[in-house]
Amino acid sequence: MPGRTNTPQIDGCIQIIKETMMQKIIRWFLSPGGITITIFIICLILVTIHKGPYIFINTLITGGMWALMAVGVSLIFGVMNIANFAHGEFFMIGSLVAYFLMQPMMKYLQYHPNSFLIYIGPFLIVISGAVTGALLGVLVERVVFKQLRLRNRYNWLLNCFLVTIGLSIFLQNSHQLLFSANYKGITSYWSGTVKILDVIISIDRTVAFLMALVTMTALFLFMKYSKPGKAIRAVSQDEAGAKMVGVSVDNIQMLTFALSCGLAALAGASLLFMFPSYPTVGVVPLFNSYFIVILVGFGNVAGAIPGGFIIAFFNVLTRTYLGEGWELVLPVLLICLVLIVKPSGLFGAKVKTMLEI
Amino acid sequence: MINRHIEKKQGISKLLDSLCLSPAGAIGLVFLLVAPILPFPPLNKPYFHRLLILAGIMGIGSMAFDFSSGYINIVNFGFAAFMGIGSYTSAILERRYGIPVPVTMVCGTVVAALLGVITGILSLRLRGIFAVFLTWFIGLALFGLIINLDWLTQGRQGLPVNTLFKPGTPDLVYYYVLMVIALLTWYLLKRIVRSPLGLAFQAIGQNLEAAKTSGINPALYRIINFTISCAIAGLVGAYYAHYVGIIVPDVLSTQKTVEILVLVYIGGRGSLWGGFALAFPFIYLTEMLRSTLDSLPGVNLLIYGVILIAVMIYYPGGLAQFYKYIADKVKPFLLENRLFTRDRHVPR
């Protein structure tokens, strides 16, 4: 029956449409992503019972910021096909800006201790760090990647990766040249602690987590409903198609790069109390964001959020059970395993570049 | 006129060709061999010999790196880790079991090669950027392991080892041994590249589907390529360890890979000699910059970064392409003036 070869597929589609809410949930639980998240949550609960609630809190708080970094990497990869090795350097720039804005503010607060800046100042600093990162992202995109795009499209992905390596060397060493290699850090944005579930955590960490949550929500709304957000999604799905319906691909790529760099700088600025600014501060965030991105699949923006928590949990777990120093080794081996067994990531993203590299 | 460039090599150029050297390459090599014994101020200083050796090590490393990145188009981003594994294997065997150094260097080479086989097998399914990530992560894992297994490697303190020759041997001896290794490496790699094996590598690197269609088994060739490249990395790493006398985990870091990668890509990918030729002036100039511009730390690496970006965007062929451009301009001139009689017209 040559005419009826497509029917099983069509039947399948109709079944999927007819499926109830319950069936949908069950199907999600049986997908690789669902299984991973379920296992992660079970492990998290078990370890929390075994070792105390600080595991849970630590995972949540560092995971949020790693997720922000990974979202940036994913966005750039999805829209521009660039695997950004210099992403950690934008984290460094965020923390640098925050440090240099924090200095005069602290001096001002010494003389005006009751000023409202004590509450709102750090927010302004973090936002200005993010904006600086985004502006620098625009500059880099125009000066480097646009030129490369105009000249040489052959072997694009690998060439871009090497260009970003050059960019990373450049930014790290200009930091060292201009601001020296000292640790430039602060002890805290807001002094004081809060107590959640018998764990005493500083306000800084809580606020950093909340900021990550707010940023992710804002990013989600932006991507889902705003016009530029829709255009970004269109370009990441099909560049030629987006061009045909009148999206200015050039500008969208610039916007994406700026957005991603801004997110990295925001993470850097809001974690200044944990990571003092020095030339190679971005290395650890870079590694972590790549672990996340490969775990969930390249170009999968939404998956980066649970991925951030999973990697943070894994780091906390390794540190708790094996001690300091091993947190680089075991997650790396896990990610190697993922790369070998399922290179498109656990959450089964559609990676358009996987086969055309 | 059409047959003009059909070459029949004779005499000295035939000899050079059998050594896989072009006349310009031979001149460069002779210069490298003679340079440290010339009695000019910068050339006969001990620190200059040291720089030459470090540059030679980087240069051989970049040849091996280019062998996989320029031919099968797989960038081995954990390259420094393979060098480091070679040096740590050799050092540990020498320290713990008292095996003589040349034997342990061979052991280091073999271990790095085995690791290359394993990495090659693991990365078979991956292409391009994903293979980069896999090799990068394997390198990171090895780096972490070396730091953490401090009962074996003494962690970040570094592992002191015996040198290859007796202490007090002048650096010149090390330099000439290194040059012999470099020449052998060059001969081996160039021989492979010229053979059908090399053709298969290029086919895989340029278009995997087309290579498969013409009956090339990419898995086998990729593993062969990785093994050779990693074996050379291990050998060089072991040599480095037994030259310096102490190794620290930082030799495995991504930073070292990046240094070699920059050399390869500025030197010209797929040329094999580009990175090696560039290593000597580059290391010398960056050292000079670092020592003269003491007040500006990091300016040498900053220039590195800018050059890498500029080369990648504006001149993807690097030094090798530039050399070819110059040679194409100069050669006809030399031929017409009968100054340069390598290419003779062969009557049919």
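Residues numbered from 1 in each chain as written. Chains lettered and ligands numbered in written order. Predicted model: local features only at pLDDT ≥ 70, side-chain atom pairs only at ≥ 80, totals over all residues.

If you tally the helices and strands in chain A, you get 14 helices and two strands. Against the 2.2 N^0.38 benchmark of 21 Å for 357 residues, chain A shows a C-alpha radius of gyration of 22 Å, consistent with a compact globule. Taken along the three principal axes of its C-alpha coordinates, chain A extends 85 × 55 × 40 Å. The buried share of chain A, taken over its 357 residues, is 46%. Long-range contacts, defined as pairs at least 24 residues apart, comprise 77% of the intrachain contacts of chain A with a sequence gap of at least 6. (Helix = DSSP H or I, 4+ residues; strand = E, 2+ residues; numbered from the N terminus. Rg over C-alpha atoms; globule rule 2.2 N^0.38 Å. Buried ≥ 20, exposed ≤ 12 C-beta atoms within 10 Å, placed from the backbone. Contact = placed C-beta atoms within 7 Å.)

Here we come to the overall build of chain B. Counting its secondary structure elements, chain B contains 15 helices and two strands. For a compact globule of 348 residues, the expected C-alpha radius of gyration is about 20 Å, and chain B comes in at 21 Å, within 12% of that figure. Each of the three principal axes of chain B carries a C-alpha extent, and together these read 70 × 55 × 40 Å. Across chain B, every contact between residues at least 6 apart in sequence was considered, and the portion connecting residues at least 24 apart equals 78%.

The next point concerns the packing of helix 12 (residues 283-296) of chain A against helix 14 (residues 329-341) of chain A. Residue and element names in this part refer to chain A. Here helix 12 crosses helix 14 at 30 degrees, and the two axes come no closer than 9 Å. One way to sum up the angle between helix 12 and helix 14 is to call them roughly parallel. Judged by the twist between their axes, the crossing of helix 12 over helix 14 is left-handed. Residues Phe 291, Ile 294 and Leu 295 of helix 12 form the contact with helix 14, whose participating residues are Pro 331, Ile 335, Val 338 and Leu 339. For the contact of helix 12 with helix 14, a count of residues per class yields seven nonpolar, no polar and no charged. (Axes fitted to C-alpha atoms, helices over the stretch in contact; angles between N-to-C directions. Parallel < 35°, antiparallel > 145°, perpendicular 65-115°, else oblique. Left-handed = near helix turned anticlockwise from the far one by under 90°. Nonpolar A, V, L, I, M, F, W, Y, C, P; charged D, E, K, R; others polar.)

Glancing now at the environment of Leu 38 of chain B. All names here are of chain B. Residue position: Leu 38 is located in the loop between helix 2 (23-34) and helix 3 (46-69). The spatial distance from the C-alpha of Leu 38 to the C-alpha of Arg 50 is 15 Å, given a sequence separation of 12 residues. Once residues within four sequence positions are removed from consideration, Leu 38 is found in contact with Leu 43 and Asn 44.

Moving on: the nonpolar core. Membership of the largest hydrophobic core comes to 205 residues, with the highest contact counts inside it found for Ile 294 and Leu 295 of chain A together with Phe 133 and Phe 137 of chain B. Each residue touching Ile 294 of chain A, except ones within four places of it in the same chain, is listed here: Ile 335, Val 338, Leu 339 and Gly 345 of chain A together with Phe 133 of chain B. (Core = buried A, V, L, I, M, F, W, Y, C linked by C-beta atoms within 7 Å.)

What follows deals with helix 3 of chain B. For helix 3 of chain B, with 24 residues, the first-to-last C-alpha span of 34 Å sits near the 34 Å given by 1.5 Å per residue. Of all 24 residues in helix 3 of chain B, 17 are buried, a share of seventy percent or more. (Expected span 1.5 Å × (residues − 1).)

With that out of the way, let us pick up helix 4 (residues 54-80) of chain A. Residues and elements named next belong to chain A. Here helix 4 contains 27 residues, and its C-alpha end-to-end distance of 39 Å stays within 8% of the 39 Å for a straight helix at 1.5 Å per residue. Where helix 4 bends most, the angle comes to about 25 degrees, and this point is Gly 63. Of all 27 residues in helix 4, 25 are buried, a share of seventy percent or more. Once helix 4 ends, the next one or two residues include Asn 81, with phi positive near 60 degrees. (Bend = angle between axes of the 7 residues up to and from the residue.)

Facing 37 residues of chain A, the contacting portion of chain B comprises 36 residues. Secondary structure elements with two or more residues in the side of chain A that touches chain B: helix 6 (117-151), helix 7 (156-179), helix 12 and helix 14 of chain A. It is helix 7 of chain A that contributes the most residues to the side of chain A that touches chain B, 15 residues altogether. Its residues placed into classes, the side of chain A that touches chain B shows 28 nonpolar, eight polar and one charged.

We now examine the confidence of the model for chain A. Residues and elements named next belong to chain A. Chain-level pLDDT for chain A is 83 on average; 92% of the residues reach the 70-or-more range. For chain A, the element scoring lowest by mean pLDDT is helix 1 (residues 7-18), at 56; helix 11 (residues 249-270) scores highest, at 92. Counting contacts from residues 351-357, a segment whose pLDDT is below 50, to residues more than four positions away or on other chains yields 12 contacts. (pLDDT = per-residue confidence, 0-100.)

Residue and element names in this part refer to chain B. Despite not being glycine, Asn 73 shows a phi value in the positive range, around 60 degrees. Mapped onto the secondary structure, Asn 73 falls in the loop between helix 3 and helix 4 (79-97). We classify Asn 73 as buried; it has 22 C-beta atoms within 10 Å. One non-glycine residue, Leu 272, lies in the positive phi region at around 65 degrees. By secondary structure assignment, the location of Leu 272 is in the loop between helix 12 (254-267) and helix 13 (273-292). Overall, Leu 272 belongs to the buried group, with 26 C-beta atoms counted inside 10 Å.

With that settled, the discussion passes to the pairing of strand 2 (residues 199-202) of chain A. The pairing of strand 1 (residues 193-196) of chain A with strand 2 of chain A spans four bridges and is antiparallel. Note on strand 2 of chain A: the bridge partner recorded for Val 194 of chain A is Ile 201 of chain A. (Pairing = 2+ DSSP bridges.)

With 93% of its residues at a pLDDT of 70 or more, chain B shows a mean pLDDT of 85. As a predicted assembly, this complex carries a pTM of 0.86 together with an ipTM value of 0.84.

Residues and elements named next belong to chain B. Mapped onto the elements, Ile 121 comes out in helix 5 (residues 101-122). Ile 121 sits in the partly exposed class, given 14 other C-beta atoms within 10 Å. Distance from Ile 121 to Leu 51, taken between C-alpha atoms, is 36 Å for residues 70 residues apart in sequence.

Attention now moves to the environment of Met 69 of chain A. Residues and elements named next belong to chain A. Residue placement: Met 69 occurs in helix 4. Classification of Met 69 as buried rests on a count of 29 C-beta atoms within 10 Å. Residues Met 69 and Pro 285, spaced 216 residues apart in sequence, show a C-alpha to C-alpha distance of 7.4 Å. The contacts of Met 69, once residues within four sequence positions are left out, are His 87, Phe 91, Ala 264, Ala 267, Pro 285, Asn 288 and Ser 289.

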